[in-house]
Amino acid sequence: MPSPRVGAHSAGVTGDLDGHRPGIVAAALRADAVIYVRQAGPEQETGTVQDLTRVLAGTIKALVFLSGSGRKIVPLKGISH
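Residues numbered from 1 in each chain as written. Predicted model: local features only at pLDDT ≥ 70, side-chain atom pairs only at ≥ 80, totals over all residues. Heavy atoms only, no water.

1. Examining helix H2 (residues 42–56)
Keep this limit in mind: To qualify as a helix, a DSSP run of H or I must reach at least 4 residues; to qualify as a strand, a run of E must reach at least 2; elements of each kind are numbered from the N terminus. By definition here, a helix of n residues has an expected span of 1.5 Å times n minus one. The buried label goes to any residue with under 20% of its type's maximum accessible area, the exposed label to any with over 50%, and the partly exposed label to all in between, with areas taken from a 1.4 Å probe on protein chains only. Each direction from the helix axis to a C-beta atom contributes to the arc, which is the arc of those directions.
Given a rise of 1.5 Å per residue, 15 residues ought to cover 21 Å, and the 21 Å separating the end C-alpha atoms of H2 matches this to within 8%. Within the sequence span of H2, burial applies to Gln44, Glu45, Gly47, Thr48, Asp51, Leu52, Val55 and Leu56. The arc enclosing the buried residues of H2, seen along the axis, measures out at 165°, which places them on a common side. Among the exposed residues of H2, those oriented more than 90 degrees off its buried face are Glu43, Gln50 and Arg54. Gly58, located one to two residues past H2, shows a positive phi value of around 85°.

2. What about the nonpolar core?
Condition: Nonpolar core, defined: a set of buried Ala, Val, Leu, Ile, Met, Phe, Trp, Tyr and Cys residues in which side-chain atoms within 4.5 Å join the residues together.
Within the largest apolar cluster, nine residues are counted, these being Leu17, Val25, Ala28, Val34, Tyr36, Ala40, Leu52, Val55 and Leu56. Going through the elements one at a time, helix H1 (17–30), strand E3 (33–36) and H2 are the ones with two or more residues in this core.

3. Focus on the environment of Val37
Structurally, the position occupied by Val37 is in the loop between E3 and H2. As a C-alpha pair, Val37 and Leu66 span 29 residues in sequence and 5.0 Å in three-dimensional space.

4. As for the packing of H1 against H2
To keep it simple, the criterion reads: For every element, the axis is a line fit to its C-alpha atoms; helices are fit only across the contacting stretch, and the angle between N-to-C directions ranges from 0 to 180 degrees. Oblique is the label for every angle not falling under 35 degrees (roughly parallel), over 145 degrees (roughly antiparallel), or within 65 to 115 degrees (roughly perpendicular). Rotating anticlockwise by less than a right angle from the far helix to the near helix defines a left-handed crossing, while the corresponding clockwise rotation defines a right-handed one. Contacts were defined at the residue level, with two residues in contact if any of their heavy atoms lie within 4.5 Å.
Two elements in contact, H1 and H2, have axes separated by 9 Å at closest approach and are oriented at 25°. Taken together, the axes of H1 and H2 are roughly parallel relative to one another. As for the relative orientation of H1 and H2, their crossing is right-handed in sense. From H1, Leu17, Asp18, Arg21, Val25, Ala28 and Leu29 reach across to H2, where they touch Gln44, Gly47, Thr48, Asp51, Leu52, Val55 and Leu56.

5. Notes on the packing of aromatic side chains
Aromatic ring pairs are reported here in terms of the distance separating the ring centres and the angle at which the planes meet. Stated formally: Two rings belonging to Phe, Tyr or Trp (six-membered ring only in the last case) form a pair when the distance between their centres is within 6.5 Å. Interplanar angles under 30 degrees mark stacking, angles over 60 mark edge-to-face geometry, and anything in between is tilted.
All chains considered together, the criterion is met by one aromatic pair. Ring centres of Tyr36 and Phe65 lie 5.4 Å apart, and the angle between their planes is 20°; this geometry places the pair in the stacked category. Taken as a pair, Tyr36 in strand E3 and Phe65 in strand E4 (residues 62–65) lie far apart in primary sequence, 29 residues in all. In this structure Tyr36 comes out as buried when scored by relative accessible area, which is 2%.

6. Focus on the pairing of E4
Rules: Whether two strands pair comes down to DSSP finding at least two bridges between them. A clockwise course of the path from the first strand over the helix to the second, judged with the strands pointing away from the viewer, identifies a crossover as right-handed.
When E3 meets E4, the two strands line up parallel, connected through four bridges. Note that in E4 the partner of Ala33 across the bridge is Ala62. Traced from E3 through H2 to E4, the parallel crossover comes out right-handed.

7. Quick word on the environment of Val64
Looking at the secondary structure, you find Val64 in strand E4. C-alpha separation for the pair Val64 and Ala33, spaced 31 residues apart in sequence, amounts to 8.0 Å. The contact partners of Val64, leaving out residues within four places of it in the chain, are Val34, Ile35 and Tyr36.

In short, shape yes, function no, at least from these values alone.
Right, dumping it as structure tokens:
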């Protein structure tokens, strides 16, 4: 599976969520915006997104969440499974 990329402009930071999540989260805080595209397991993805939203809260930085497994974590109103 591809690793998540976090970065500003065209520069990015790549790392795996298993052993390097703190580094990815720290890089997110330094970035102008974060695009999360990894499709991880529900537990790993929930933890990562919680970490990202926690550190980005109160900033003007955008977090764009594009993972398909997020639909399984938080059911969306009007969408059947």
